[in-house]
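# Observations on chain architecture
Listed below are the residues making up each chain.
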Amino acid sequence: MLDAEPTTLHVPASPSPASGDTGLIGLAWVAVLIPFVVLCACFILRSRRLALLHPEEHAFRSLAKRLRLRTKQIERVRRYAHDIANCSPLEVLMDDDLRVRVISSVD
């Protein structure tokens with residue numbers, strides 16, 4: 001039943017992956033990531049520069065965001081502070097009565 005001589009197993013050569021395709025995929029990822037990183041860095045640098053140049057503006061934006069004011073409400077507060085009250089928009093947001101009066105006129 002069994003032959004005396006040993007048998008050999010022949011495994012066909014496995015196809016090697018094409019090396020050109022992996023290089024193109026890597027290049028595509030680099031082409032996508034570089035502009036994304038540059039845009040993020042520009043946004044961070046711009047926001048830091050604005051905060052350093054105008055700390056009152058930074059405080060106003062932060063407070064408006066915490067109060068969840070809409071764009072029209074923010075514009076109304078700025079216009080009221082500049083035209084009528086002759087003060088900083090931050091002062092209008094800090095005064096509860098004044099803020100309610102200005103914001104309620106928008107709604």
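Data block above holds the structure.
Here we summarise the structure given alongside this text. Treat the numbers as computed from the prediction; the structure is a model and nothing was measured.

The next subject is helix H3 (residues 71-85). Here H3 spans 20 Å end to end across 15 residues, near enough to the 21 Å set by a 1.5 Å rise per residue. Buried residues of H3: Gln-73, Val-77, Tyr-80 and Ala-81, and no others. Directly after H3, the chain includes Asn-86, whose backbone phi takes a positive value near 50°.

A few words on a nonpolar patch on the surface. A cluster of nonpolar side chains, namely Ile-25, Trp-29, Val-32 and Leu-33, defines an oily patch on the protein surface of about 430 Å² accessible area. Tracing the chain through its elements places Val-32 in helix H1 (residues 19-53).

So, on to the packing of helix H2 (residues 55-66) against H3. Where H2 meets H3, the closest approach of the two axes is 11 Å, and the angle between their N-to-C directions is 140°. Taken as axis vectors, H2 and H3 run oblique relative to one another. When you trace H2 past H3, the crossing you get is right-handed. Here Glu-57, Phe-60 and Ala-64 of H2 come into contact with H3, specifically with Ile-74, Val-77 and Arg-78. Considered class by class, the residues forming the contact of H2 with H3 number four nonpolar, no polar and two charged.

Relative to the helices and strands, Arg-99 resides in helix H5 (residues 96-106). Of the residues examined, Arg-99 reaches a relative accessible area of 18% and is grouped as buried. Within the structure, Arg-99 has its side chain in polar contact with the side chain of Asp-96 (distance 3.2 Å). Setting aside its immediate chain neighbours within four residues, Arg-99 contacts Leu-67, Val-92 and Leu-93.

For the structure on display, the rule yields three salt bridges. Asp-96 serves as the salt-bridge partner of Arg-99, at 3.2 Å between the closest nitrogen and oxygen. One end of the pair is Arg-99 and the other is Asp-96, both in helix H5 and three residues apart, which spans about a single turn. Residue Asp-96 is classed as partly exposed on the basis of its relative accessible area of 45%.

Here Ser-104 lies in helix H5. The sequence separation of Ser-104 and Gln-73 amounts to 31 residues, and the corresponding C-alpha distance is 8.8 Å. Polar side-chain contacts of Ser-104 include one of 2.9 Å to the backbone oxygen of Val-100.

What follows concerns H2. Under the 1.5 Å per step criterion, the end-to-end length of H2 is 16 Å for twelve residues, consistent within 8% with the ideal 16 Å. Arg-68 occupies a position one or two residues after H2 and carries a positive phi of about 55°.

To continue, consider unusual backbone geometry. Residue Arg-68 is not a glycine yet carries a positive backbone phi of 55°. Along the polypeptide, Arg-68 turns up in the loop between H2 and H3. A positive phi angle, close to 50°, is found at Asn-86, a residue other than glycine. Inspection of the secondary structure puts Asn-86 in the loop between H3 and helix H4 (89-94).

Definitions and limits used
- Residues numbered from 1 in each chain as written.
- Predicted model: local features only at pLDDT ≥ 70, side-chain atom pairs only at ≥ 80, totals over all residues.
- Heavy atoms only, no water.
- Helix = DSSP H or I, 4+ residues; strand = E, 2+ residues; numbered from the N terminus.
- Expected span 1.5 Å × (residues − 1).
- Buried < 20%, exposed > 50% of the residue type's maximum accessible area, 1.4 Å probe, protein only.
- Patch = residues over 30% accessible without salt bridge, like charges linked within 9 Å, V, L, I, M, F, W, Y side chains within 5 Å.
- Areas by Shrake-Rupley, 256 points an atom, 1.4 Å probe, with all protein chains shown as cover.
- Salt bridge = Lys/Arg side-chain N within 4 Å of Asp/Glu carboxyl O.
- Axes fitted to C-alpha atoms, helices over the stretch in contact; angles between N-to-C directions.
- Parallel < 35°, antiparallel > 145°, perpendicular 65-115°, else oblique.
- Left-handed = near helix turned anticlockwise from the far one by under 90°.
- Contact = heavy atoms within 4.5 Å.
- Nonpolar A, V, L, I, M, F, W, Y, C, P; charged D, E, K, R; others polar.
- Polar contact = N/O pair within 3.5 Å; in protein donor to acceptor, adjacent residues only side chain to side chain.

In short, the description is geometric, and any link to function would need to be established separately.
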